[in-house]
Amino acid sequence: MNLPIRKQSGVLIVEVGGRIDHSIAEEFTRALDPLLANCSQGQLPVLLDFSGVIYISSAGLRVLMMASRQAKAQQGSFAIAALTPLVQEVFTISRFNLIVPCYASVDAACKVLGK
């Protein structure tokens, strides 16, 4: 899984797209692993840009939960921005938006997380 990365306002932005379900969950985890390894205190916050994600299953939510736990354990900052309406609905129904900070846009997230 290719996850394009860029830096904006002191935040590492990871572009995620497509469907995140059981068939891609393992690959998604492997793609996030090196980014999360550096998600610690004093390092750049990691922000997932979900503007291209059209669907997420419970397997995808599990990957995000584990990523959030790892970042917290390392005292790093991990968040998600620009949820599409369907994904936003899944996050709201599952109350996942209470587990991982979610922002309306990448710019809004960068204003809060950036240095």
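Our subject is the structure that appears above.
Computed from a predicted model, the values in this text were never measured in an experiment.

Q: What is the right way to read the overall build of the protein chain from this model?
A: Helix and strand counts for the protein chain come out as 4 helices and 5 strands. When the elements of the protein chain are put in sequence order from the N terminus, they spell out β-β-α-β-α-β-α-β-α. In summary, the protein chain has a C-alpha radius of gyration of 13 Å against a globular reference of 13 Å for 115 residues, a match within 12%. Across the protein chain, contacts joining residues at least 24 apart in sequence account for 74% of those joining residues at least 6 apart. With an accessible surface of roughly 6000 Å², the protein chain has 53% of that area assigned to carbon and sulfur atoms. With 10 positive and 8 negative side-chain charges, the protein chain shows a separation of 9 Å between the mean positions of the two kinds.

Q: Looking at this model, I keep getting lost on unusual backbone geometry. Mind explaining?
A: Excluding glycine, residues mostly carry a negative phi; peptide bonds, for their part, are mostly trans. Of note, the phi angle at S9 is positive, near 50°, even though the residue is not glycine. Of note, S9 is situated in the loop between β1 (5-8) and β2 (11-20). At A82, a position not held by glycine, the phi torsion is positive, near 60°.

Q: Can you help me understand the side chain of D21 in this one?
A: Assignment of secondary structure puts D21 in the loop between β2 and α1 (25-37). We classify D21 as buried; its relative accessible area is 10%. A distance of 2.6 Å separates the side chain of D21 from the side chain of S23, its partner in a polar contact. Residues in contact with D21, not counting those within four places in the same chain, are Y55, S57 and A59.

Q: What should I look at first to understand the pattern of salt bridges in this one?
A: Side-chain pairs of opposite charge can arise whenever the charged atoms involved come near each other. With the rule as written, the count across this model stands at 3 salt bridges. One salt bridge connects R6 with E15, and the closest N-O pair in it is separated by 2.9 Å. A residue is classified by how much of its surface remains accessible, and R6, at 30% relative accessible area, is partly exposed.

The rules behind the values
- Residues numbered from 1 in each chain as written.
- Predicted model: local features only at pLDDT ≥ 70, side-chain atom pairs only at ≥ 80, totals over all residues.
- Heavy atoms only, no water.
- Helix = DSSP H or I, 4+ residues; strand = E, 2+ residues; numbered from the N terminus.
- Rg over C-alpha atoms; globule rule 2.2 N^0.38 Å.
- Contact = heavy atoms within 4.5 Å.
- Areas by Shrake-Rupley, 256 points an atom, 1.4 Å probe, with all protein chains shown as cover.
- Lys, Arg positive; Asp, Glu negative; His and termini not counted.
- Charge placed at Lys NZ, Arg CZ, Asp CG, Glu CD.
- Buried < 20%, exposed > 50% of the residue type's maximum accessible area, 1.4 Å probe, protein only.
- Polar contact = N/O pair within 3.5 Å; in protein donor to acceptor, adjacent residues only side chain to side chain.
- Salt bridge = Lys/Arg side-chain N within 4 Å of Asp/Glu carboxyl O.

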